[in-house]
Amino acid sequence: MDHLQINSSRLAIVIVLLFGDLFIGVGHVMASGISLRPPYDGQYPLTSFFDHYYPNYSSTDGVVIYDGENVNSCSPHCYQGHSGYDWSMTEGTPIYATSSGTVEITRFNLTEGYGNYIVINHSGGFRTLYAHLRANTPFNVSVGEEVNQGELIGWSGNTGNSSGAHLHFGVYRGTFSSNEVNTTDPFGWRGNYPDPLLGFGSGHTAPVCGEAMIPIRSPVQIR
Ligand SMILES: [Zn+2]
């Protein structure tokens, strides 16, 4: 499961997350990190990776994923500057808190940006974002509420800047920002060279990715 297998049809990549034994043998979670479970039960197709190359949607030379590979040619399944993970899932799929924390934001907006979304504030200053939740009854929590890991927080949908039903999941080291500041990769960094995010400075903090949190063990497989 730690290997990427890529066939010749890069434009028809099917990406499947296999979460079955994710939490066995996690050996790299440091004390300052948080431990995450998937934001859903079961398996859903991953449609967009987190881009380590530049976390603000600007046009660069490629999309660099968690293992260091440049997968620019995988468009449209991943795109430049994407600061989270997208999984395709039918509207109304239950979404769970990936770690315990306090609900910081429940935003209701049907048409713009992340649409209806939830932000949870976790220990150590990490935040998680669950975006594009469904239009009707998107939230099962309210601001200020304490949630446990695995607690039902809402339901997936297709609100905001979204072209199909999916969940956008993001992790922030620091405050949540809709302009992508503080984003970090929940799968960490496994490239055999320094994480490109480290070079982008305070304006695009995307900080120390992979050093302090690798909460989910290498779960991505491309076939
Ligand atoms: Zn997304």
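**Student:** Describe the overall build of the chain, listing the residues and the values that go with them.
**Tutor:** From N to C terminus, the chain includes zero helices and twelve strands. Listed by position from the N terminus, the elements making up the chain come as β-β-β-β-β-β-β-β-β-β-β-β. When each of the 223 residues of the chain is scored for burial, the buried share is 46%. Pairs at least 24 residues apart make up 70% of the contacts formed inside the chain by residues separated by at least 6 positions.

**Student:** So what about the pairing of strand S3 (residues 85-88)? Which residues, and what values?
**Tutor:** Sheet topology places strand S2 (residues 46-48) next to S3; two bridges connect them, and they run antiparallel. Looking across to S3, one finds that Ser48 is bridged to Asp86. Looking at chain direction, S3 and strand S10 (residues 166-173) are connected through four bridges and run antiparallel. Residue Ser88 lies in a different strand from S10, and its bridge partner there is His166.

**Student:** How would you summarise unusual backbone geometry if you had to cite specific residues and measurements?
**Tutor:** Positive phi outside glycine occurs at His132, with the angle close to 70 degrees. Its location among the elements puts His132 in strand S7 (residues 126-133). Assessed through the 24 C-beta atoms surrounding it within 10 Å, His132 is described here as buried. Not every positive phi belongs to a glycine, and Asn182 is a case in point at roughly 75 degrees. Its location among the elements puts Asn182 in the loop between S10 and strand S11 (183-184). For Asn182, a count of 22 C-beta atoms within 10 Å puts it in the buried group.

Scoring rules and cut-offs
Residues numbered from 1 in each chain as written. Predicted model: local features only at pLDDT ≥ 70, side-chain atom pairs only at ≥ 80, totals over all residues. Helix = DSSP H or I, 4+ residues; strand = E, 2+ residues; numbered from the N terminus. Buried ≥ 20, exposed ≤ 12 C-beta atoms within 10 Å, placed from the backbone. Contact = placed C-beta atoms within 7 Å. Pairing = 2+ DSSP bridges.

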